[in-house]
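Structural overview
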Amino acid sequence: MRVMFSTIHRRGEGVTGTIVVLQDVTEQEKLEQSRREFVANVSHELRTPLTTIKSYVEALDDGALEEPQLANRFVGVIRNETERMIRLVTDLLHLSRLDSKQAILRKKPTSIEEMLEEVKDRFSFQMKQKRIKSNVRIEKGIHTIQLDRDQIDQVLDNLVSNAIKYTQEGDLIELEAYKDGPDRIAISVKDTGIGIPKKDIDRIFDRFYRVDKARSRSMGGTGLGLSIAREIVKAHGGTMQLESELNVGTKVTFTIYTPQEGSEAQ
Ligand code: ADP
């Protein structure tokens, strides 16, 4: 809190009053602090793959090029790190478009059942590899709603790929859609995976926040997936929540606003 005083003078009467201005700077300071943290995080996240690329290029230059097997391995590492950087920059651009409200939503009537079944199909290979079972449940009466299919697909892809990443072999992933009041549809992705410690849950939507940085990195994560997902949901007039218990599982639920008047929700 910043307190500023100024006195009111009237000619011939001297001081006749005082103005006290109380300015709440905590919010401003918090914003500034999170902006600084964000820049530091971006720099660090980009610097890590760049340093790796540099050292492998140097190793190739220093003679590894002469040994085809070694050279192949090094080129593979360079390719992976480059792809990581591309993913990161793509995510950052997407976030910045969402932040500046430049992301235009192209809403179309979309069948919720078809959309959830298709996400399940997209990940069927990965789930099969980990012997993960999945099911889709749609509450009666939910048919089509207006949404930007590409964007909501990205939300679902993020949630389902997290559910697969942080779930043990043979577990279960459930996708569910239900009515959440007269003008909202809720969609949830629930897993029986490793869960998230209580102390981390409040920060889980923060940009670059990961419970286990090394694990997330090794799985190709950027730490931006949940932040992007939440911004897309916000743009659809909805909210996103995460419930989780360590070693029990995680459930992420988001809502989509479906106005009654002229709405496609039936
Ligand atoms: P990442 O790219 O690291 O997956 P996200 O923003 O998608 O980034 O997720 C942030 C962090 O939240 C992850 O690093 C992980 O620690 C945790 N997390 C997200 N989803 C789950 C889940 N279903 N189960 C356990 N932990 C999760």
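Residues numbered from 1 in each chain as written. Predicted model: local features only at pLDDT ≥ 70, side-chain atom pairs only at ≥ 80, totals over all residues. Heavy atoms only, no water.

The name given to the protein in an unreviewed UniProt entry is histidine kinase, and the organism recorded there is Paenibacillus selenitireducens.

Topic: the packing of aromatic side chains
On inspection of all chains with the given rule, the structure shows two aromatic pairs. Taking 5.9 Å as the distance between ring centres and 35 degrees as the angle between the ring planes, the aromatic pair formed by Phe38 and Phe208 counts as tilted. Placement of Phe38 in helix H1 (residues 26-61) and of Phe208 in the loop between helix H6 (198-201) and helix H7 (213-218) is noted, with a sequence separation of 170 residues between them. Look at Phe38 and you get partly exposed, because its relative accessible area is 26%. Taken together, a centroid distance of 4.9 Å and an interplanar angle of 85 degrees make the contact between Tyr56 and Phe74 edge-to-face. Here Tyr56, found in helix H1, pairs with Phe74, found in helix H2 (residues 68-99); they are 18 residues apart in sequence, far enough to count as distant. You can call Tyr56 partly exposed: its relative accessible area is 25%. Using a relative accessible area of 11% as the deciding quantity, one classes Phe74 as buried. (Phe/Tyr/Trp six-rings, centres within 6.5 Å; stacked < 30°, edge-to-face > 60°. Helix = DSSP H or I, 4+ residues; strand = E, 2+ residues; numbered from the N terminus. Buried < 20%, exposed > 50% of the residue type's maximum accessible area, 1.4 Å probe, protein only.)

Quick look at the side chain of Arg210
Along the polypeptide, Arg210 turns up in the loop between H6 and H7. Residue classification places Arg210 among the buried positions, given a relative accessible area of 10%. A distance of 3.0 Å separates a polar atom in the side chain of Arg210 from a polar atom in the side chain of Glu45. The contacts of Arg210, once residues within four sequence positions are left out, are Glu45, Arg84, Ser216, Arg217, Gly221, Thr222 and Gly223. (Polar contact = N/O pair within 3.5 Å; in protein donor to acceptor, adjacent residues only side chain to side chain. Contact = heavy atoms within 4.5 Å.)

Regarding the pairing of strand E9 (residues 249-257)
In terms of burial, E9 is a largely internal element, seven of the nine residues being buried. With six bridges connecting them, strand E8 (residues 240-245) and E9 associate as antiparallel partners. Note that in E9 the partner of Glu243 across the bridge is Lys251. Between the end of E8 and the start of E9, which pair antiparallel, lie three residues, with Asn247 showing a positive phi angle near 65 degrees. (Pairing = 2+ DSSP bridges.)

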